[in-house]
Amino acid sequence: MSKEQSREDSSEEIISMDELTEILAEAEGVTPEEIEQGAEELDLAPPEEATVLNE
């Protein structure tokens, strides 16, 4: 298996939200809890509830 093939295989892996949180925390140098708290503070509306702006 070439390096390119192994990259393609690994890029198709599905990760859980917990795994994503851990990856983001490690990349940012913070704890997973801080990532989760930051996400909660953003209070993002689901797309169907978003306000459309025409500029």
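About the cut-offs
Residues numbered from 1 in each chain as written. Predicted model: local features only at pLDDT ≥ 70, side-chain atom pairs only at ≥ 80, totals over all residues. Heavy atoms only, no water. Axes fitted to C-alpha atoms, helices over the stretch in contact; angles between N-to-C directions. Helix = DSSP H or I, 4+ residues; strand = E, 2+ residues; numbered from the N terminus. Parallel < 35°, antiparallel > 145°, perpendicular 65-115°, else oblique. Contact = heavy atoms within 4.5 Å. Nonpolar A, V, L, I, M, F, W, Y, C, P; charged D, E, K, R; others polar. Expected span 1.5 Å × (residues − 1). Patch = residues over 30% accessible without salt bridge, like charges linked within 9 Å, V, L, I, M, F, W, Y side chains within 5 Å. Areas by Shrake-Rupley, 256 points an atom, 1.4 Å probe, with all protein chains shown as cover. Salt bridge = Lys/Arg side-chain N within 4 Å of Asp/Glu carboxyl O. Lys, Arg positive; Asp, Glu negative; His and termini not counted. Charge placed at Lys NZ, Arg CZ, Asp CG, Glu CD.

## With respect to the packing of helix H2 (residues 17-28) against helix H3 (residues 32-42)
The contact between H2 and H3 brings their axes to 8 Å, and the two run at 105°. One element, H2, and the other, H3, form an angle in the roughly perpendicular class. Residues Thr 21, Glu 22, Leu 24 and Ala 25 of H2 lie in contact with H3, whose contacting residues are Pro 32, Ile 35 and Glu 36. In the contact of H2 with H3, the residues fall into 4 nonpolar, 1 polar and 2 charged.

## Brief notes about H2
Between the first and last C-alpha of H2 there are 16 Å, a value that for 12 residues agrees with the 16 Å anticipated at 1.5 Å per step. Within two residues after H2, Gly 29 carries a phi angle of roughly 75°, on the positive side.

## Concerning a negative patch on the surface
A cluster of like negative charges, contributed by Glu 13, Asp 18, Glu 19, Glu 22, Glu 26, Glu 33, Glu 34, Glu 36, Glu 40 and Glu 41, occupies part of the molecular surface. For the negative patch, the secondary structure elements donating two or more residues are H2 and H3. The element contributing the most residues to the negative patch is H3, with 5 residues. Relative to the elements of secondary structure, Glu 41 occurs in helix H3.

Purely spatial values, then, with no claim about function.
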